[in-house]
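# Summary of the model geometry
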Amino acid sequence: MEIISYSDKKDYRKKNVFWKYSENSSASRKSGLSRRHRGKKGASFFARGNISAVRARPVFSFRSFLQNVPGYIHYACVRAQRFVSYMWILPALVVLVLVPSTVSRILSYSESFARAVRFESTADLSIAYLENAMNDFAVDRNGYYDKDGNVIGSDAVKNFKQPVTYSNYTVRAGDTISGISRRFGLSNISTLIAVNGISNVRSLRTGQKLRVPSMDGLVHEVTKGESLGSISRRYGASVADILDVNDLSSEVIQAGDRLFIPGARLDSESLQKAMGELFSYPIKSSWRLTSRFGRRADPFTGVSSNHTGVDMACPTGTSIYSAMSGTVAYTGYSSVFGNYAIIKHADGYQTLYGHMSKILCKKGQRVTQGSVIGLVGSTGYSTGPHLHFTVYKNGKLVDPLTVLK
């Protein structure tokens, strides 16, 4: 007779070393074995490999737990060693993410510096050709005004002996401050600016109502302590003319009176403020002024040369905006300015945008202030990505920083 020996402690320890299982558990009772047959039949039942079929009730053994603590420590060390062996993956991922981003930032920062350009003789010819083209675009000067606000071509007659009268005018599409002044026989835009409180000559809008006086001059509000004599000396107008145009029979005036001062005009600072808000910056993101307008020494040869605009250094691909509303007069490529565009504006202004990486406007296209016309690049004679911005007024160069706001 074959005798099969079975010990549940030995087999169950392989699965959980600190739990003992009671033979008299509910699981053994549910297995269908009676108390009388659990010895023989149970042993045969377990020997056939069906040990998992018995759901024994575990009983915690603290002694078994302490005996196997070294094994747990060894197991934890093995797992930790495996984990450490894969720790290189984490820094590798960090490097893969940060390095491209850091390199991109460094390149963008370095690209924001545009070095000075050395022009050859061919470049001088290109500049001359380009300036001639700009002058060609400026031939239509009717109604334009000069830096002092004088309307070019105006034939206004100065007659300060008649009382001043006012006309009402509604601004139409295409009107300019100089065009309206010329239409009503005024010789200086200061008159309309002062009488109507215009802070920006670009602020005229279709449908806007204007008061137009019959002669050049300003409106002055009398303050306490002022006399007709002091006002006359302040504006350089005779007392007799002030009396005549305001139809006054006496030199007695009071605070709060509004007098029209014939022939007076805004001071240069006030007029410059009104005219200086014509343009907005063609670059709205961060940029550096790397070269100013005017005479400068060539950094390579030391020869003095004239810089026709300002250089605004910024990364390649930065959007370039129209500094003022106007019509694209020309787009093309120059050996000096690379890809460039010229925009013709009202009142004799033209702007040039050079070294573009891409031109996003077309000849004859109407653009508004702030329209994207191209992208910053380094085409033509350029040693770094930047925008060369030039401003012309009636065919003459103007320092862009004097008109940019």
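Scroll up for the structure.
What this report covers is the structure whose coordinates are included nearby. Small disclaimer: the values here were computed from a predicted structure and weren't measured.

### Looking at the nonpolar core
- Counting 28 residues, the largest nonpolar core has Ile177, Ile180, Ile193, Leu204, Ile231, Leu259 and Ile261 as the members making the most contacts within it.
- Residue assignment for this core shows that the elements contributing at least two residues are helix 8 (177-183), helix 9 (190-196), strand 4 (209-213), helix 10 (228-235), helix 11 (239-245), strand 6 (258-262) and helix 12 (268-276).
- The next biggest cluster of nonpolar side chains, apart from the first, holds 24 residues, and it includes Val328, Ala341, Tyr349 and Tyr353.

### What to know about unusual backbone geometry
- The residue aspartate 247 is not glycine, and still its phi comes out positive at about 55°.
- In this structure, aspartate 247 sits in the loop between helix 11 and strand 6.
- Overall, aspartate 247 belongs to the exposed group, its relative accessible area being 61%.
- Although it is not a glycine, histidine 355 sits at a positive phi angle of roughly 70°.
- On the secondary structure map, histidine 355 appears in strand 14 (residues 349-359).

### A few points about the packing of aromatic side chains
- In this structure the tally under the stated criterion is six aromatic pairs.
- Their ring planes at 85° and their centres at 6.4 Å tell us that tyrosine 166 and phenylalanine 260 sit as a pair that is edge-to-face. Taken together, the residues span a long stretch of sequence, with tyrosine 166 in strand 3 (residues 166-170) and phenylalanine 260 in strand 6 at a distance of 94 residues.
- Taking relative accessible area as the criterion, tyrosine 166 reaches 32% and is therefore assigned partly exposed.
- Accessibility expressed as a relative area gives 2% for phenylalanine 260, which makes it buried.

### Focus on the side chain of asparagine 339
- Relative to the assigned elements, asparagine 339 resides in strand 13 (residues 338-344).
- Setting aside chain neighbours within four positions, we find asparagine 339 in contact with Gly332, Tyr333, Tyr353, Gly354, His355, Met356, Ser357, Ile359 and Thr379.

What counts, and where the lines are drawn
- Every chain is numbered independently, its residues counted from 1 as its sequence is written.
- Where local features are concerned, this predicted model is filtered to residues with pLDDT of at least 70; where side-chain atom pairs are given and counted, the filter is 80 or more; whole-chain, interface and lining totals use all residues.
- Processing note: side-chain calculations cover all non-hydrogen atoms of the structure and skip hydrogens and water entirely.
- By nonpolar core is meant a set of buried Ala, Val, Leu, Ile, Met, Phe, Trp, Tyr and Cys residues that side-chain atoms within 4.5 Å join together.
- Partly exposed residues are those whose accessible area sits between 20% and 50% of the maximum for their type, while under 20% is buried and over 50% is exposed, using a 1.4 Å probe and protein chains only.
- Only DSSP runs of H or I with at least four residues qualify as helices, and only runs of E with at least two residues qualify as strands; both kinds are numbered from the N terminus onward.
- Centre distance within 6.5 Å is the pairing criterion for rings of Phe, Tyr and Trp, where only the six-membered ring of Trp is used; planes under 30 degrees apart are then read as stacked, over 60 as edge-to-face, and the remainder as tilted.
- Contact definition: two residues touch when any of their heavy atoms are within 4.5 Å.

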